[in-house]
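Close look at the chain arrangement
Here is what each chain is made of, one letter per residue.
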Amino acid sequence: MKKQKIIVTGGCGYIGSHTTVALQNAGFDVVILDNLMNSQIDTLDRIAEITGIRPSFERIDCTDVNAMHDVFARHSDAMGVIHFAALKAVGESVAHPLKYYKNNILSLLNTLEMMLEFKIPNIVFSSSATVYGEPDQLPVTEDTPLKPATSPYGQTKIMAENIIRDTVKANPELHAVLLRYFNPIGAHPSGKIGELPIGVPNNLMPYVTQVAAGIREQLNVFGNDYNTPDGFCIRDYIDVNDLADAHVAALEHMKTNDVKVEVYNLGTGRGLSVMEIIKAFEDATGVKLNYTIAARRPGDVPAIWACSDLANEKLGWRAKIPLTETMRTAWQWQKNVSKL
Ligand code: NAD
Ligand code: UD1
């Protein structure tokens, strides 16, 4: 039987590369579109080492409509698109809003336009827990009201969700699943792919592993005076491999159900504080972390975690990788990166 083709924008990135592995393992034929602005071409070799299959690759910028037209014309037999391509650094988005609006919104507009032109019916979109802002109730469900975005990055996610809803409303032949990721961490158990932050990491987990590796002197823990059980911020940290599987589940769901626009939270359902993450890392790896308590980081919400029951009920998906395993893969990846 001929494999079903999926276009994966941003497929060389952190979540995209793990999802490509999951898609190939599930029997899909993957075409990656990436301009490598935040990733490396070698990722394709590493995906091939893991799965035995090198994904097709098109080095293009999704904001370039002519290049997109050319690629989509050649892959118009795809059954769907997973749209990861975006910039994601919150602080940078505040400093350079136009860069973020242009890249993240134009990439999406071009993707949707090409899908309509070439009659590709299914889109899975990477949204974020950031759309909930500081929620009034925990855990957050898909019905929890959205809050105004506090950064241009967050704004692009809210805008993108609305653009997709409006486009589906006007074009019923299009079907969409919006996945709201909580905090993806960890790496592939092979140690061959993982997160590659450029410069000083903004996110907790790559900072933790870089401190453990001696690349950074100490971790600044942002705030210990939050109204939470231990005073530290709480997040829902989800293994990137679990997250990748959810994309496969979403596509399978779209094949057999009459999907218009569906939204799913992707988290573990468990909130962990920054200190609990530090302890979990130390326990899983045996490496002591040098950390200090620092001031709160502006814009941080005190606590957020997901209710992912809907994804379990409708997609048959649930996060299942134990935190200890996630900490080990994150650390193994860091040690391998240092050798790259
Ligand atoms: P990443 O930066 O590792 O991957 C994004 C990929 O997209 C990179 O390979 C980059 O080169 C590519 N890209 C960006 N703009 C492009 C363009 N115009 N044309 C072609 N390629 C382009 O990021 P990630 O962590 O894998 O995130 C993937 C998606 O998930 C993003 O949309 C991000 O906003 C979203 N998301 C990420 C997180 C997270 O914590 N990592 C949380 C919530 C949502
Ligand atoms: C951040 C973004 C969010 C984005 C997500 C993925 C902000 C305010 N939010 O989420 O919009 O979708 O990344 O890119 O930037 N921490 C430390 N020390 C550090 C780094 C982090 O204590 O050096 C703490 C933070 O205060 C937070 C937790 O660790 O409580 C997680 O931080 P991070 O990994 O940056 O994720 P979010 O802030 O949840």
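See the structure printed just above.
The sections below set out a description of the structure shown in this document. (Residues numbered from 1 in each chain as written. Chains lettered and ligands numbered in written order. Predicted model: local features only at pLDDT ≥ 70, side-chain atom pairs only at ≥ 80, totals over all residues. Heavy atoms only, no water.)

Moving on: the site of ligand 2. For ligand 2, the set of nearby residues contains 21 residues, the closest of which are L204, N220, R235, R297 and D300. N202 is positioned with one of its backbone polar atoms (N or O) 3.5 Å from an oxygen atom of ligand 2. For ligand 2, whose free accessible area comes to 740 Å², the fraction covered by protein is 87%. For the shell around ligand 2, the secondary structure elements donating two or more residues are helix 7 (204–212) and strand 8 (219–222). If you tally residues by element for the shell around ligand 2, the top one is strand 8, at 4 residues. A class-by-class count of the residues in the shell around ligand 2 yields 10 nonpolar, 7 polar and 4 charged. (Near = heavy atom within 4 Å. Polar contact = N/O pair within 3.5 Å; in protein donor to acceptor, adjacent residues only side chain to side chain. Areas by Shrake-Rupley, 256 points an atom, 1.4 Å probe, with all protein chains shown as cover. Helix = DSSP H or I, 4+ residues; strand = E, 2+ residues; numbered from the N terminus. Nonpolar A, V, L, I, M, F, W, Y, C, P; charged D, E, K, R; others polar.)

Turning our attention to the pairing of strand 1 (residues 5–9). Counting buried positions along strand 1 yields 5 of 5 residues, so the element is predominantly enclosed. Burial of strand 1 is two-sided: the residues K5, I7 and T9 facing one way and the residues I6 and V8 facing the other way are all buried. Pairing analysis gives 5 bridges linking strand 1 to strand 2 (residues 29–34), with the strands arranged parallel. Bridge pairing in strand 2 links V8 to I32. (Buried < 20%, exposed > 50% of the residue type's maximum accessible area, 1.4 Å probe, protein only. Pairing = 2+ DSSP bridges.)

For the pair helix 1 (residues 14–25) and helix 8 (residues 240–256), the least separation of the axes is 8 Å and the interaxial angle reads 60°. Here helix 8 runs oblique to helix 1, going by the angle between their axes. For helix 1 against helix 8, the interelement crossing comes out right-handed. For the pair helix 1 and helix 8, contact is made by Y14, I15, H18, T19, A22 and L23 and by V240, N241, L243, A244, D245, H247, V248 and L251, respectively. Within the contact of helix 1 with helix 8, the residues separate by chemical class into 9 nonpolar, 4 polar and 1 charged. (Axes fitted to C-alpha atoms, helices over the stretch in contact; angles between N-to-C directions. Parallel < 35°, antiparallel > 145°, perpendicular 65-115°, else oblique. Left-handed = near helix turned anticlockwise from the far one by under 90°. Contact = heavy atoms within 4.5 Å.)

Before going further, it helps to spend a moment on the packing of aromatic side chains. A full pass over the atoms with the stated rule returns 2 aromatic pairs. Centre to centre, the rings of F281 and W331 are 5.8 Å apart; their planes meet at 80°, and the pair counts as edge-to-face. Of the two residues, F281 is situated in helix 9 (residues 274–285) and W331 in helix 11 (residues 323–339); the sequence distance between them amounts to 50 residues. In this pair, the class of F281 matches that of W331, namely buried. (Phe/Tyr/Trp six-rings, centres within 6.5 Å; stacked < 30°, edge-to-face > 60°.)

The subject of this paragraph is empty space enclosed by the protein. Vacant regions in the atomic arrangement are exposed by a probe of water-molecule size rolled over the atoms. What the rule picks out here adds up to 1 cavity of 30 Å³ or more. Put simply, the largest cavity is a space of about 50 Å³. Top contributing element to the lining of the largest cavity by residue count: helix 6 (residues 152–170), with 3 residues. Tallied by class, residues from the lining of the largest cavity come to 5 nonpolar, 3 polar and 1 charged. (1 Å grid on protein atoms, 1.4 Å probe; cavity = no way out; pocket = protein on both sides within 12 Å on 5 of 7 lines; lining within 4 Å. Points joined across faces, edges and corners; volume = space filled by probe spheres on them.)

Bringing helix 7 into the picture now. With 9 of its 9 residues buried, helix 7 lies for the most part within the structure. All buried positions along helix 7 are accounted for by L204, M205, P206, Y207, V208, T209, Q210, V211 and A212. Immediately beyond the C-terminal end of helix 7, within one or two residues, lies G214, with a positive phi of roughly 85°.

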